[in-house]
Amino acid sequence: MQGSANLNVMIKAARAAGRSLVKDFREVENLQVSMKGAGDFVSKADIAAEKIIREELMEARPNYGWLAEEGGAAEGKDPTRRWIVDPLDGTTNFLHGLPHWAISIALEHKGEIIAGVVYDAAKDEMFYAEKGEGAWLNQSRLRVSGRSRMIECIFATGLPFGGRADLPETLQDLARILPSTAGVRRFGSAALDLAYVAAGRYDGYWERSLNAWDLAAGLLIVKEAGGLVQPMDADGSILEDGTIIAANEPIFEKFSGIVRDA
Ligand code: IPD
Ligand code: CA
Ligand code: CA
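Residues numbered from 1 in each chain as written. Chains lettered and ligands numbered in written order. Predicted model: local features only at pLDDT ≥ 70, side-chain atom pairs only at ≥ 80, totals over all residues. Heavy atoms only, no water.

Novice: I tried to follow the overall build of the protein on my own but got confused; where do I start?
Specialist: Looking only at helices and strands, the protein features 8 helices and 13 strands. For the protein, buried positions account for 54% of its 262 residues. Relative to all contacts within the protein whose residues are 6 or more apart in sequence, the contacts with residues 24 or more apart total 62%. Summing over all exposed atoms, the protein offers an accessible surface of approximately 11800 Å²; the carbon and sulfur share of this is 49%. Charged side chains of the protein number 29 positive and 38 negative; the gap between the two group centres comes to 3 Å. (Helix = DSSP H or I, 4+ residues; strand = E, 2+ residues; numbered from the N terminus. Buried < 20%, exposed > 50% of the residue type's maximum accessible area, 1.4 Å probe, protein only. Contact = heavy atoms within 4.5 Å. Areas by Shrake-Rupley, 256 points an atom, 1.4 Å probe, with all protein chains shown as cover. Lys, Arg positive; Asp, Glu negative; His and termini not counted. Charge placed at Lys NZ, Arg CZ, Asp CG, Glu CD.)

Below, the structure written as structure tokens:
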């Protein structure tokens, strides 16, 4: 796909941050240090990646606003456009030497995501989409899966860790969803969970308690691959509520009904 100038800037920024993170990831794999030492190292890698992305994006589009996990929010001279960035999604995997993490960069215009990039740098898989232009993985067009029987479908989710308050709800979700499906996965990167739904690797995904930077790029990639995305509360907003249900069209109604316990 011949992407727009904005998309090319986003891909360039993701690749630059990816090079830095891959270098640091090799270090983490070799680090024989305390968990705290490794944790500090990873948070430095994370902040360094965000700095690279910010410099690339702001140099190309100095007027756009900014929302990122590490560096917070800043309104731009152009109040209608902003970058939404998670420089490292899947931090716990990264810290443990698990090669499943990604850089997520989205461009929002007047409250709507118009371009998204999710880059799995360890596997060199670049997922990207622009509104109305389809979704892509490297040079190949993406399409959500066509499975329509829940019992053949695989779903992804996130499991609450460290005493998070949404544990009971998640356990109830699992009790409702597991019996009627081929399984549920918890791979640890919301951005890649969405990219994998777009690629038809998963048939659907749901999660609560997320932030805009986890979801912004991936949700457009799913939509442009022909999938459906909604917040848990159908009248709410995915990015404001931090909740999402994503799936291919044939199963969306059934799946979202089970997730919402409707
Ligand atoms: C996390 C990942 C994970 C999700 C967590 C997120 P981070 O992002 O996306 O899959 O379950 O809730 O916070 O912290 O690795 O950027
Ligand atoms: Ca994240
Ligand atoms: Ca992060």
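Novice: Help me understand the coordination of the calcium ion (ligand 3), please; the structure alone is not making it clear to me.
Specialist: Six octahedral donors around a metal ideally make angles of 90 or 180 degrees; four tetrahedral donors ideally make 109.5 degrees. Bound to the calcium ion (ligand 3) on the protein side are Glu69 (OE), Asp86 (OD), Asp86 (OD) and Leu88 (O), at distances that span 2.2 to 3.1 Å. Between the two metals, the calcium ion (ligand 3) and the calcium ion (ligand 2), the spacing is 3.7 Å, and aspartate 86 donates to both. On the criterion of sequence distance, the pair formed by glutamate 69 in the loop between β1 (65–68) and β2 (72–74) and aspartate 86 in strand β3 (residues 81–89) is long-range, its members being 17 residues apart. Taking relative accessible area as the criterion, aspartate 86 reaches 1% and is therefore assigned buried. (Donors = N, O, S within 2.8 Å, 3.2 Å for Na, K, Ca; no water.)

Novice: How should the sheet that holds strand β8 (residues 140–141) be read in this particular structure?
Specialist: Strand pairing in a sheet relies on backbone hydrogen bonds, with the paired strands running either antiparallel or parallel. Strand order across the open sheet formed by 8 strands is β2-β1-β3-β4-β5-β6-β7-β8, with mixed pairing between neighbours. Edge positions in the open sheet fall to β2 and β8, since each of these has one partner strand only. The pairing of β3 with strand β4 (residues 102–109) spans 7 bridges and is antiparallel. Within the sheet, the bridge partner assigned to isoleucine 84 lies in β4 and is alanine 106. Of the strands in this sheet, β3, β4, β5 (112–120) and β6 (125–130) touch helix α5 (residues 190–198), which is tilted by about 100° from β5. (Pairing = 2+ DSSP bridges. Axes fitted to C-alpha atoms, helices over the stretch in contact; angles between N-to-C directions.)

Novice: Please clarify how the site of ligand 1 should be interpreted in this entry.
Specialist: Not every one of the 14 residues close to ligand 1 is listed here, only the nearest: Asp89, Gly90, Thr91, Ala190 and Glu207. Leucine 88 places a polar main-chain atom, nitrogen or oxygen, 3.1 Å from an oxygen atom of ligand 1. One nitrogen or oxygen atom from the main chain of glycine 90 is found 2.7 Å from an oxygen atom belonging to ligand 1. Here ligand 1, which alone exposes 380 Å², has 86% of that area covered by the protein. Given that more than half its atoms are within 2 Å of the pocket grid, ligand 1 belongs to the largest pocket. Taken together, domain 1 (5–141) and domain 2 (150–261) each give at least three residues to the shell around ligand 1, which thus spans both. (Near = heavy atom within 4 Å. Polar contact = N/O pair within 3.5 Å; in protein donor to acceptor, adjacent residues only side chain to side chain. 1 Å grid on protein atoms, 1.4 Å probe; cavity = no way out; pocket = protein on both sides within 12 Å on 5 of 7 lines; lining within 4 Å. Sits in = over half its atoms within 2 Å of the grid points. Domains from an automatic or database assignment.)

Novice: Explain the packing of helix α4 (residues 167–177) against helix α8 (residues 249–260) to me, please; I cannot follow it from the model alone.
Specialist: When two helices pack together, their arrangement is captured by the angle between the axes and the distance separating the axes. Remark: α4 packs on α8, axes separated minimally by 8 Å, with the N-to-C direction vectors making an angle of 135°. Relative to α8, α4 is oriented oblique. Like other packed secondary-structure pairs, α4 and α8 cross with a definite hand, here right-handed. Each of Asp173, Arg176 and Ile177 in α4 lies in contact with α8, whose residues at this interface are Phe255, Ile258 and Val259. Of the residues in the contact of α4 with α8, the class split is 4 nonpolar, no polar and 2 charged. (Parallel < 35°, antiparallel > 145°, perpendicular 65-115°, else oblique. Left-handed = near helix turned anticlockwise from the far one by under 90°. Nonpolar A, V, L, I, M, F, W, Y, C, P; charged D, E, K, R; others polar.)

Novice: Got a minute to help me understand the coordination of the calcium ion (ligand 2) in this structure?
Specialist: Only Asp86 (OD), Asp89 (OD) and Asp214 (OD) from the protein coordinate the calcium ion (ligand 2), and they sit 2.1 to 2.2 Å from it. The sequence pattern describing where the donors of the calcium ion (ligand 2) fall on their chain is D-x2-D-x124-D.

Novice: Is there a simple way to explain unusual backbone geometry in this structure?
Specialist: Glycine aside, negative phi is the norm for most residues, and most peptide bonds take the trans geometry. The phi dihedral of lysine 110 falls on the positive side, at around 50°, and the residue is not glycine. If you trace the backbone, lysine 110 turns up in the loop between β4 and β5. For aspartate 124, which is not glycine, the phi torsion reads 50° and is therefore positive. Mapped onto the elements, aspartate 124 comes out in the loop between β5 and β6. Using a relative accessible area of 40% as the deciding quantity, one classes aspartate 124 as partly exposed.

Novice: I keep staring at the layout of surface pockets and nothing clicks. Help me out?
Specialist: Space left empty within the atom packing is revealed by a probe, the size of a water molecule, rolled over the atoms. One number sums up the size of the largest pocket: a volume of about 450 Å³. Top contributing element to the lining of the largest pocket by residue count: helix α2 (residues 35–60), with 4 residues. Of the residues belonging to the lining of the largest pocket, the class tally is 6 nonpolar, 9 polar and 10 charged. The residues that make up the lining of the largest pocket include at least three from each of domain 1 (5–141) and domain 2 (150–261). (Points joined across faces, edges and corners; volume = space filled by probe spheres on them.)

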